[in-house]
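Examination of the molecular architecture
If you want the building blocks of each chain, they are given just below.
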Amino acid sequence: MPHLEAALILLVGPTLKKFNDRDLNPTEAEVVKQYPAHTAICIRDGWEFCSPELAADSTFSFLLEQWKNKLPQDYIVKTAYVDHPFEEDPCHCHFSFTNLSSEGKLVLKYQWFLGGKTPTGFVPIPEELSEVYWPKSEDVGRCLKVECTPVLNDAEFPPVFAVSLPVCLGTGYPKVINLTVNGELVEGNVLKGVPQIAWCGGTPGKGVASWLRRTWNGNAVIDGAEGMEYQLTIDDIDSSLVFMYTPVTEEGVKGDPQCTMTDFVKAGTPSVSNVYVVGDIVEDNTIKGNGKYFGGKEGLSKFQWFREKENGGFLLVLSNSTQYTLIKEDVGWCLKFVYTPINLEGQEGEAAFAITEAVRKAPPKVFDLKITGEAREGSKVSVTATVTGGTVASSRVQWFKASSSEFVNDHELEALCTSKVSKTFRIPLGAVGCYIVAKFTPVGPDGEIGAPAYAILDDVVETLPPSLNFLTVTGEFSEDQMLTASYGYIGGYEGNSLYSWYLHETEDDEGSPLSEASGLLQYRIKKEDVGKFVSFKCIPIRNDGIVGEPGVFMGNDRVTPGNPTVLSLELNGEAIEGTTMVANRRYWGGEEGDTVFRWVLTSSDGTWNEIEGATSSSYSLKCDDIGFYVSVSCEPVRIDGVHGSLVTTEAIGPIIPGPPACRSLELAGSMLEGGRLTSHAEYTGGVKGNCIQQWFRSHDDGSKDELIADECLDLVLADVDCRIEVIFTPVREDGVQGSPKSVSSDTILPGEPKGVSLVIPECFEDNEISPIKAYFGGKEGTGKYTWFRTTEKLDNLEPELVASCSEVVGETLLYKPSLVDVGFYLILCWVPTRCDGKTGDPLMAITDNPVMAAFPSVLDVNLKKTSSDLYSGVGIYYGGYEGSSLHKWYRESSDGTRICIDGAASSTYEVADADYSCHLLFGYTPVRSDGVIGEEKFSEPSDIIFPGKLYVSEPIGYITFKFSILCN
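Rules used throughout
Residues numbered from 1 in each chain as written. Predicted model: local features only at pLDDT ≥ 70, side-chain atom pairs only at ≥ 80, totals over all residues. Heavy atoms only, no water. Helix = DSSP H or I, 4+ residues; strand = E, 2+ residues; numbered from the N terminus. Rg over C-alpha atoms; globule rule 2.2 N^0.38 Å. Contact = heavy atoms within 4.5 Å. Areas by Shrake-Rupley, 256 points an atom, 1.4 Å probe, with all protein chains shown as cover. Lys, Arg positive; Asp, Glu negative; His and termini not counted. Charge placed at Lys NZ, Arg CZ, Asp CG, Glu CD. Phe/Tyr/Trp six-rings, centres within 6.5 Å; stacked < 30°, edge-to-face > 60°. Buried < 20%, exposed > 50% of the residue type's maximum accessible area, 1.4 Å probe, protein only. Disulfide = S-S within 2.5 Å. Polar contact = N/O pair within 3.5 Å; in protein donor to acceptor, adjacent residues only side chain to side chain. Pairing = 2+ DSSP bridges. Axes fitted to C-alpha atoms, helices over the stretch in contact; angles between N-to-C directions. pLDDT = per-residue confidence, 0-100. Expected span 1.5 Å × (residues − 1). Patch = residues over 30% accessible without salt bridge, like charges linked within 9 Å, V, L, I, M, F, W, Y side chains within 5 Å. Salt bridge = Lys/Arg side-chain N within 4 Å of Asp/Glu carboxyl O. Core = buried A, V, L, I, M, F, W, Y, C linked by side-chain atoms within 4.5 Å.

Under an unreviewed UniProt entry, the name given to the protein chain is Ig-like domain-containing protein, and the source organism is Aegilops tauschii subsp. strangulata.

**Some words on the overall build of the protein chain**
Helix and strand counts for the protein chain come out as five helices and 66 strands. Its C-alpha atoms give the protein chain a radius of gyration of 59 Å, clearly above 30 Å, the size a compact globule of 968 residues would have. Across its three principal axes, the protein chain shows a C-alpha extent of roughly 180 × 105 × 65 Å. Restricting to contacts in the protein chain with at least 6 residues of sequence separation, those with at least 24 account for 61%. Total accessible area computed for the protein chain in this model is approximately 53,900 Å², and 51% of it derives from carbon and sulfur atoms. When the 79 basic and 136 acidic side-chain charges of the protein chain are each reduced to a single mean position, those positions are 2 Å apart.

**Overview of the packing of aromatic side chains**
All told, the structure shown has 24 aromatic pairs when counted by the stated rule. Plain terms: the ring middles of tyrosine 487 and tyrosine 499 are 5.9 Å apart, the flat faces sit at 50° to each other, and that makes the pair tilted. You can see tyrosine 487 sitting in strand β33 (residues 482-490) and its partner tyrosine 499 sitting in strand β34 (residues 498-504), a full twelve residues away along the chain. The exposure classification of tyrosine 487 matches that of tyrosine 499, with both residues buried. Residues tryptophan 889 and phenylalanine 922 carry aromatic rings whose centres are separated by 5.0 Å and whose planes lie at 50° to one another, so their mutual orientation is tilted.

**Quick notes on the state of the cysteines**
If you walk through the whole model with that rule in mind, you get zero disulfides. Note on cysteine 93: no disulfide assigned, nearest cysteine sulfur contributed by cysteine 148 at a separation of 7.0 Å. No disulfide involves cysteine 763; its sulfur sits 16 Å from the nearest other cysteine sulfur, which is in cysteine 829. Of the residues examined, cysteine 763 reaches a relative accessible area of 2% and is grouped as buried.

**So, the side chain of aspartate 236**
With respect to the element layout, aspartate 236 can be found in the loop between β15 (229-231) and β16 (240-246). Note on aspartate 236: relative accessible area 0%, which makes it buried. Engagement of the side chain of aspartate 236 in a polar contact is seen with the side chain of tyrosine 230, the distance being 2.7 Å.

**Digging into the sheet that holds β33**
Spatial strand order, β32-β33-β36: three strands in an open sheet with antiparallel pairing. Each of the sheet's edge strands pairs with one partner strand only, and the pair in question is β32 (467-474) and β36 (522-524). Averaged over all pairs of adjacent strands, the angle between strand axes in this sheet comes to 15°, irrespective of strand direction. Pairing of β32 with β33 involves seven bridges; the strand directions are antiparallel. If you follow phenylalanine 470 over to β33, its bridge partner there is glycine 488.

**Structural notes on the environment of threonine 463**
In this structure, threonine 463 sits in the loop between β31 (453-456) and β32. Separated by 413 residues in sequence, threonine 463 and isoleucine 876 place their C-alpha atoms 133 Å apart. When near neighbours in sequence (up to four residues on either side) are disregarded, threonine 463 contacts Arg376, Glu377, Val432, Gly491 and Gly492. Within the local environment of threonine 463, its side chain forms a polar contact with the side chain of glutamate 377, the two groups lying 3.1 Å apart. Only 3.0 Å separates the side chain of threonine 463 from the backbone nitrogen of glycine 492, close enough to count as a polar contact.

**Quick word on the confidence of the model for the protein chain**
Keep in mind that low pLDDT regions are not for reading the predicted coordinates in detail. A residue-level look at the protein chain finds 95% of positions with pLDDT of 70 or above and a mean pLDDT of 86. Put simply, strand β66 (residues 963-965) is where the protein chain has its lowest mean pLDDT, 38, and strand β37 (residues 533-539) is where it has its highest, 94. Note on residues 949-968: pLDDT is under 50 here. Beyond four places in sequence and across chains, it has 21 contacts.

**With respect to the pairing of strand β12 (residues 190-198)**
Pairing of strand β11 (residues 175-182) with β12, which is carried by seven bridges, proceeds in the antiparallel orientation. Bridge pairing in β12 places asparagine 178 opposite glutamine 196. Where β12 and β15 come together, three bridges link them in antiparallel fashion. Residue pairing in the sheet places lysine 192 in a bridge with glutamate 229 of β15.

**So, helix α4 (residues 52-67)**
With 16 residues, α4 should cover 22 Å at 1.5 Å per step; its first-to-last C-alpha distance of 23 Å lies within 8% of that length. For α4, the set of buried residues is Pro52, Ala55, Thr59, Phe60, Phe62, Leu63 and Trp67.

**Points about a negative patch on the surface**
A surface patch of negative charge is lined by Glu374, Asp458, Asp459 and Glu462. As for its position among the elements, glutamate 374 is in the loop between β25 (365-372) and β26 (380-388).

**Here we look at the nonpolar core**
Counting residues in each nonpolar core, the largest one holds 44 residues, and the members touching the most others are Trp47, Val77, Phe95, Phe97, Trp112, Val146 and Val160. Here this core takes five residues from α4, the largest share from any one element. Aside from chain neighbours lying at most four places away, what touches phenylalanine 95 is Thr79, Ala80, Leu108, Tyr110, Val146, Cys148, Val160, Phe161 and Ala162. Of all hydrophobic cores here, the second largest spans 21 residues; its members include Val366, Leu369, Ala385 and Val387.

**Some remarks on a nonpolar patch on the surface**
On the surface, Leu819, Val820 and Tyr881 cluster together to form a nonpolar patch covering roughly 260 Å² of accessible area. With respect to the helices and strands, the residue tyrosine 881 is situated in the loop between β60 (870-878) and β61 (886-892). Relative accessible area serves as the criterion here: at 45%, tyrosine 881 is assigned to the partly exposed category.

**What to know about the sheet that holds strand β58 (residues 843-846)**
Strand order in the open sheet formed by four strands is β56-β55-β57-β58, and the pairing between neighbours is antiparallel. Where the open sheet ends on each side, the last strands, each with one partner, are β56 (807-810) and β58. Taken over all neighbouring pairs, the strand axes of this sheet differ in orientation by 30° on average, direction set aside.

**Section: the pattern of salt bridges**
Taken as a whole and judged by the stated rule, the model has 31 salt bridges. In this structure, arginine 789 engages glutamate 807 in a salt bridge whose closest nitrogen and oxygen atoms are separated by 3.0 Å. Linking arginine 789 in strand β55 (residues 784-790) with glutamate 807 in strand β56, this pair joins segments that are 18 residues apart in sequence. You can call arginine 789 buried: its relative accessible area is 13%. Residues lysine 793 and aspartate 848 are paired through a salt bridge, measuring 3.9 Å at the closest nitrogen-oxygen approach. With lysine 793 in the loop between β55 and α5 (799-805) and aspartate 848 in the loop between β58 and β59 (857-865), this pair connects stretches of sequence that are 55 residues apart. Via salt bridges that share partners, Arg697, Asp705 and Asp719 belong to a single interconnected network.

**Considerations on the side chain of glutamate 765**
Topologically, glutamate 765 is positioned in the loop between β53 (754-759) and β54 (772-776). Although buried, glutamate 765 forms no salt bridge, and the nearest oppositely charged side chain, arginine 928, lies 6.5 Å from it. Not counting chain neighbours up to four residues away, the residues in contact with glutamate 765 comprise Pro817, Ser818, Leu819, Val822, Val851, Met852, Ala853, Ala854, Tyr878, Gly879 and Gly880.

**Some words on the environment of serine 382**
Relative to the helices and strands, serine 382 is located in strand β26. In this structure the C-alpha to C-alpha distance between serine 382 and threonine 424, which are 42 residues apart in sequence, comes to 4.1 Å.

**Let's talk about the pairing of strand β21 (residues 314-319)**
Pairing of strand β20 (residues 302-308) with β21, which is carried by five bridges, proceeds in the antiparallel orientation. When the bridges of β21 are listed, phenylalanine 306 appears paired with leucine 316. Between the end of β20 and the start of β21, which pair antiparallel, lie five residues, with glycine 312 showing a positive phi angle near 95°.

**Notes on unusual backbone geometry**
At the junction of glycine 653 and proline 654, the peptide bond is cis and its omega measures out at 5° in the coordinates. Of note, proline 654 is situated in the loop between β45 (647-648) and β46 (661-669). The residue asparagine 153 is not glycine, and still its phi comes out positive at about 55°. By secondary structure assignment, the location of asparagine 153 is in the loop between β8 (144-152) and β9 (155-156). According to the relative accessible area criterion, asparagine 153 is exposed, its value standing at 58%.

As structure tokens, this is what we get:
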């Protein structure tokens, strides 16, 4: 038989290395590559082996002979083959039929299969039902098969098939199989490039994308459009776009670039957004409406202005203009700007609008501003004007001087006064030789300010002869008081005017000059002046020596004695409890009368209280004064009853106390478990320091446990039947300790028994449940527990309702769910019980989910030989209710290779010829009723299956084969 070794390689596969203890001829392996992929299947089905040159036509004719009676009448297979498959590269199958005379449309259905390294053991590939299959990485080295089922007039016929060569490793060079662009080609929309890529064994990476705009004069790259998505703009209208994409693997290998072109982009529907009005909404102002247009190129869009009416509607006041000047009729009303977008083709979009705030009245204005009066030093001038939008009375005027009758702005003016409501002004000396300017600022009744106006006197300000426009003396005409003279000079610039003071016995005499005060503007009254009148005389003299008329000021009252005054006040004595404090003073102001003393205690926070009854110049510190500061106030009183100013010393202290002590100590609060005790201590003895407060738990046997707490103690279970004792040791701020004081509570009683919380964890079949619970109320006793089983999760866990619709399954704290509990909810009712037998209200909890079945598993898997050629497999299932568990039989060769036997899917198996010289194994895969699949378990291998006698249809002699197979 020619090429026998090639036939064996086709049947066994590339792992065959020896034949009859001889190495295979290498040329035979090359011959194998010349045979079609389905040759091995044809050999097994009885095809007569021939040379490779004739094999393609011979095997196809062999298959046609097998298929001819299975096909629809008058149909024959014309082609049936599969492309050479490569990893992650689409593989196409090719089937075609010749119709001799039949009517009707032939429909083809496909199913892909994955086999081994030889065209055997094919397994359907789920959901691969098209003409194309993309081989995966794990398919490399394995053969593919595709079955083509012809359907004619809804009748299915047996399939024909084609087999591929083993899947080859991918080239690593990615390629674009299909490239499309999704999205509506309208301005403003987002387009998305969608490439279909065959990675051909490379790791998928990020490709290179770009968008081009195609116009009548060529393509132009769109700047920044380098992503998979692109938003259409106005520049794209009437152009088509080109999307280019180059696939790139993670390893950096680039494929060939591909591109696709869109239809022409259309303009979007005209629209407008962000409509707004700019400008101050004030009478007489011009405002402008704006908006952002979209939708191709803008044509003659419509612009309209409306004024709000009293009924809420709007009145059209202007069209075809984006600007509008506010008039008097608009004041107090809102305006609406309406923008109707229209493109160049005349297509009109939906209008948008913006509404302004209410139009405000124009600010006040001033007209006919004039200055009246003489331009002379000291003269009064005033302004007159007409004001609109305001009143003259509320308007303000500021006066300036200018070196010229013509000025440009405020910077050329020098202010003579601040802005005032008064409209009159007296020209000062500083304005001589300058022009007087008035700045008039109109003000409305509501305080609104308008633009200022200016007016100027025609003439330069002239000077006056020296004179006094006022003369006065300030100060108290009393002993030891200072008198100060002041006057107003007018008439040019003042020279060395003369001042003199006089003393008068009566108001009418000439008086005697006080030489010590000549030439001074101040004079201090002496004790000798008491009972007399004092006057001041001023003679004005200009700097050029011209003398004016003198002015005299006469005091209205005679000089009075000085007010009673305490010149000094000291507080003597140490601030210690029991010390007598003495106030020493020095009095002035006539003969002293009954001077008043007031003693004051001031706390550290600044609050003060007058000590009642303490009115003398001395005071003894008392116990209640400890911690306070002491001071004394002295109000001098003249013998005629006149009172002087109150004088107060600085506070001395704080007053030092005696040793620290605790006056009282109390415990407040509920003497019950869960309650809170609070200690209240009244401290004396200076500023309270870090006093020591200790808490103890006292037992009946006299022992004590020290507790950690501050001013409050929360009672717990350990405190029940004990007493709580507090020991308070007073400590002053300086660290001095006083005698400790203690107080004890009554016996602490236990709280009412109560279940604080009860939680049932997740429940599983045969897993013991340990509920999580929290108890309160004294020492816990033996509680009562009742487990219920129910089909539904109850929202209302009332005991009566639970008992009526559930089944009791246990009465202990712990519970182990069994198979019968699977799928049911469990409810636990807990009656908390104190150690003395007192019970609390029952507390119930239900599982969040039904009891879950255990994971499916199988034990004791073994096989038994029931007859010479028949074996049966058994195993013990566990894990909820069993579903359709899977049974498989395996054939294990002498070298340990284990192969699943096709079609052997029951618990019994009949020995076949292929099993001879092999072991059999039974595989049991447990499947729970809800479809959960457990781990497959195997039986021990059977004894070696020995063959019977070998019979052949035609005697060919006896041939002994010895194979050596290499397995990976």
